[in-house]
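Below, each chain spelled out in residue letters.
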Amino acid sequence: MKFSINHKSPIPLHAQVEDLLRELIKEEEYQNGKTLPSEVEISNRLAISRSTVRQAIKKLVFEGLLVRRKKAGTKVAPKPVSSKSNNWLSFSQEMKLRGIPIKNFELNLSWVKPSDEIARFFEIPLDKDILKMERVRGKPEEPFVFFVSYFHPRIGLTGEEDFTLPLYEMIEQEHSIIASLSKEEISAKAADEVISKKLNIKKGTPVLFRKRFVFDQGERPIEYNLGYYKSDSFIYSVESSR
């Protein structure tokens, strides 16, 4: 493939590098585990700064396309089961459309420092306070999902908002930020002590674990969401068309 970018293009350099890397990692040798060229090699070859290359790589890492490890370099990530939809809804909106009544069993808000992973995703300092929301929801008779959400400080949330409203509608109405893109990772895990208490299940019970990365219209990150679903009460379906 042609490994080059157009320095005179109105398309930002980091976006061009992202597209270039997306094509590069489709090649069989990288799919089979070959290490990608280093930041220095790519920046020298394209005549751009390392920070521009790093920005592009970080985007693909958070999309789950690449993994970075010390000394081992950057490689194509093992493919998780994931979904990407152009028409997605908040949990409240989705359950309402399905005619399923939802009860909030627990709602807690707090200000916390981000973990390394969340700070990298939001591109903020580790000492920056961010709003954390923990919520247990389900049918009127029993909970079936435990959500943990972290919000980018750029949104301007104060913690005084009405979080019983559909989340993305509330953020749009009160802070004029539109959630327009969701990227998700789905896997299975055993419930730890915290999750088992939240969902009233035995410790070690399998749960569906979903990570959701939410972006605004400019593809800037606004929410880092973790969802833990009771496996006997929830089915996650993905519909694809060709």
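You'll find the structure just up there.
Quick caveat, the model's predicted, so the values are computed rather than measured. (Residues numbered from 1 in each chain as written. Predicted model: local features only at pLDDT ≥ 70, side-chain atom pairs only at ≥ 80, totals over all residues. Heavy atoms only, no water.)

(A) Fine view of the overall build of the protein chain. Within the protein chain, the regular secondary structure consists of eight helices and eight strands. Looking at the 242 residues of the protein chain, the share that counts as buried comes to 42%. When contacts within the protein chain are restricted to residue pairs at least 6 apart in sequence, those whose partners lie at least 24 apart make up 58%. As displayed, the protein chain has an accessible area near 14,000 Å², and 49% of this comes from carbon and sulfur atoms. (Helix = DSSP H or I, 4+ residues; strand = E, 2+ residues; numbered from the N terminus. Buried < 20%, exposed > 50% of the residue type's maximum accessible area, 1.4 Å probe, protein only. Contact = heavy atoms within 4.5 Å. Areas by Shrake-Rupley, 256 points an atom, 1.4 Å probe, with all protein chains shown as cover.)

(B) Layout of unusual backbone geometry. We note that Glu123 has phi near 60°; this positive angle belongs to a residue other than glycine. In this structure, Glu123 sits in the loop between helix 6 (116-122) and strand 4 (130-139). Judged by its relative accessible area of 53%, Glu123 is exposed. One non-glycine residue, Glu219, adopts positive backbone phi at about 60°. By the element assignment, Glu219 lies in the loop between strand 7 (206-216) and strand 8 (221-230). Classification of Glu219 as partly exposed rests on a relative accessible area of 42%.

(C) Fine view of the environment of His152. Take His152: it is sitting in the loop between strand 5 (142-151) and helix 7 (167-175). Judged by relative accessible area, His152 falls into the buried class, the value being 9%. Separated by 28 residues in the primary sequence, His152 and Ile124 place their C-alpha atoms 8.6 Å from one another. Leaving out residues up to four positions away in the same chain, His152 has contacts with Phe122, Ile124, Pro221 and Ile222. Of note is the side chain of His152, whose polar atom sits 2.9 Å from the backbone nitrogen of Arg154. (Polar contact = N/O pair within 3.5 Å; in protein donor to acceptor, adjacent residues only side chain to side chain.)

(D) Highlighting the environment of His14. Looking at where His14 falls in the secondary structure, it is placed in helix 1 (residues 13-24). Owing to a relative accessible area of 25%, His14 belongs among the partly exposed residues under this scheme. Once the C-alpha coordinates of His14 and Lys59 are considered, the two residues, 45 residues apart in sequence, prove to be 9.5 Å apart.

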